[in-house]
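# Observations on the three-dimensional arrangement
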Amino acid sequence: MKRVSENSSNPPRKAGMLGVGLDADDGEKRLTRGKNFTLVGGSEETHSMMQETAVKVNEALERKGKTLEETSPQEFRDVLMDVVDRIRR
């Protein structure tokens, strides 16, 4: 088994958001794919909320001049929570 040395170049980092809604009871199968996100399932309301959230997270990152891949987990959490707080208002 070949070991990767610490000095070897790493492949480009990839990141994506996955939203899974579990509250659908209408028999519909919902799937939305977008720039770095995939959303599956949920009621119409839940799926719509996931769509809005994913789009607004991407917009917030664009305003910061960052991509999802360049964002630390903590910064992503902060952006996500800010977006969710604004949507709830």
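A brief report on the enclosed structure follows. All figures in this text were calculated on a predicted structure; none of them were measured in a lab.

Reading the values: rules and limits
Residues numbered from 1 in each chain as written. Predicted model: local features only at pLDDT ≥ 70, side-chain atom pairs only at ≥ 80, totals over all residues. Heavy atoms only, no water. Helix = DSSP H or I, 4+ residues; strand = E, 2+ residues; numbered from the N terminus. Expected span 1.5 Å × (residues − 1). Buried < 20%, exposed > 50% of the residue type's maximum accessible area, 1.4 Å probe, protein only. Arc of directions from axis to C-beta. Contact = heavy atoms within 4.5 Å. Patch = residues over 30% accessible without salt bridge, like charges linked within 9 Å, V, L, I, M, F, W, Y side chains within 5 Å. Areas by Shrake-Rupley, 256 points an atom, 1.4 Å probe, with all protein chains shown as cover. Salt bridge = Lys/Arg side-chain N within 4 Å of Asp/Glu carboxyl O. Polar contact = N/O pair within 3.5 Å; in protein donor to acceptor, adjacent residues only side chain to side chain.

## Comments concerning helix α1 (residues 44–63)
With 20 residues, α1 extends 29 Å from end C-alpha to end C-alpha; this agrees with the ideal 28 Å at 1.5 Å per step. Of the positions making up α1, those classed as buried are His 47, Met 50, Thr 53, Ala 54, Val 57, Asn 58, Ala 60 and Leu 61. Buried residues of α1, viewed axially, fall in a sector of 160°; they line one side. Away from the buried face of α1 by more than 90 degrees, exposed residues Glu 44, Glu 45 and Arg 63 are located. Summarising the contacts, the buried residues of α1 are in contact with β1 (17–21), β2 (31–34), β3 (37–41) and α2 (73–88). Just downstream of α1, Gly 65 is the residue with a positive phi angle, here 75°.

## Topic: a nonpolar patch on the surface
On the surface, Leu 18, Val 20, Leu 22, Leu 31 and Val 40 cluster together into a nonpolar patch covering about 540 Å² of accessible area. You can see Leu 18 is positioned in strand β1. By relative accessible area, Leu 18 is classed as exposed at 64%.

## Overview of the side chain of Glu 75
For Glu 75, the location among the structural elements is in helix α2. Since its relative accessible area comes to 18%, Glu 75 is described here as buried. In terms of polar contacts, Glu 75 uses its side chain to reach the side chain of Lys 66, at 2.6 Å. In contact with Glu 75, not counting residues within four places along its chain, are Lys 64 and Lys 66.

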